[in-house]
Structure formats: C-alpha cells, structure tokens
Amino acid sequence: MAAFRFSLIVAISPSDDEEILAVTDALGEAGCTDASIRGHSDGMELLFSRTARSLQAALSSAVFDVESAGFRVVRVEMEREAISL
C-alpha cells in the first residue's frame, strides 16, 4: 500500500477556537486522524496523507469519512506529481 497526498475542501468555516475544536473532534472520531486542517477561501482545507491500495480508494475513504462526520466535501485538490501512475 502507498500513501497518497491530497486535499479535500469542506464547506465550513469555523469562526472561533471552540468551533475549531468541535470540528477537529468530529473529524477525528470519523477516522480523519491522517489529515491536518487549515483555512481556505471556500471554507476549510483538510490535507490528507492517506495509506490505501489505490488513489481512488484513498479519495473515496477520505470523502466518506469527512461526510460521515457531517461535513460536505465541495472539491478535491492535489499536486500534479501526486497523480502520476
């Protein structure tokens, strides 16, 4: 298995420390412990380094985990180098 790096853009903008902690807890409970969080102009960016059998499996599982935590993924972003097969 390989580690795949990509970002999911989520349509939420936590406005204070309490909301950021609540979002972090919800994502952690949903299995997103392999992501870091940062702000983004469209909401919030989750930077993943996910181990999986394929890029498709990594993306699918990350989107599933984020959406099961109650957040809506609006876009996937990745560096060109991450796509080479």
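Further up the page is the structure itself.
Each value, and the rule that gives it
- Residues numbered from 1 in each chain as written.
- Predicted model: local features only at pLDDT ≥ 70, side-chain atom pairs only at ≥ 80, totals over all residues.
- Heavy atoms only, no water.
- Helix = DSSP H or I, 4+ residues; strand = E, 2+ residues; numbered from the N terminus.
- Buried < 20%, exposed > 50% of the residue type's maximum accessible area, 1.4 Å probe, protein only.
- Contact = heavy atoms within 4.5 Å.
- Areas by Shrake-Rupley, 256 points an atom, 1.4 Å probe, with all protein chains shown as cover.
- Lys, Arg positive; Asp, Glu negative; His and termini not counted.
- Charge placed at Lys NZ, Arg CZ, Asp CG, Glu CD.
- Core = buried A, V, L, I, M, F, W, Y, C linked by side-chain atoms within 4.5 Å.
- Pairing = 2+ DSSP bridges.
- Axes fitted to C-alpha atoms, helices over the stretch in contact; angles between N-to-C directions.

**Concerning the overall build of the protein chain**
Scanning the protein chain from N- to C-terminus turns up two helices and four strands. Reading the secondary structure of the protein chain in the N-to-C direction produces β-α-β-β-α-β. Its C-alpha atoms give the protein chain principal-axis dimensions of roughly 40 × 25 × 15 Å. Counting the 85 residues in the protein chain, one finds 31% classified as buried. Pairs at least 24 apart in sequence give 67% of the contacts found in the protein chain among residues at least 6 apart. Accessible surface, the protein chain: about 5400 Å² in total, of which carbon and sulfur atoms supply 51%. Considering the protein chain, the positive charge centre built from 7 side chains and the negative charge centre built from 14 side chains are found 12 Å apart.

**Looking at the nonpolar core**
Counting 20 residues, the largest nonpolar core has Phe6, Leu8, Leu27, Leu46, Phe48, Val66 and Phe71 as the members making the most contacts within it. Those elements giving two or more residues to this core turn out to be strand E1 (2-10), helix H1 (17-29), strand E3 (43-52) and helix H2 (55-68). Each residue touching leucine 46, except ones within four places of it in the same chain, is listed here: Phe6, Ser7, Leu8, Val10, Leu27, Ala35, Ser36, Ile37 and Val66.

**Some remarks on the sheet that holds strand E2 (residues 35-40)**
Strand order in the open sheet made by the four strands is E2-E3-E1-E4, with antiparallel pairing throughout. At either margin of the open sheet sits one strand with a lone partner, and together these are E2 and strand E4 (73-77). Sheet twist, expressed as the average angle between the axes of neighbouring strands with direction ignored, equals 30 degrees. Bridge count between E1 and E4: four bridges; the pairing is antiparallel. Bridge pairing in E4 links leucine 8 to valine 76.

Remember, this is a structural readout, not a statement about activity or role.
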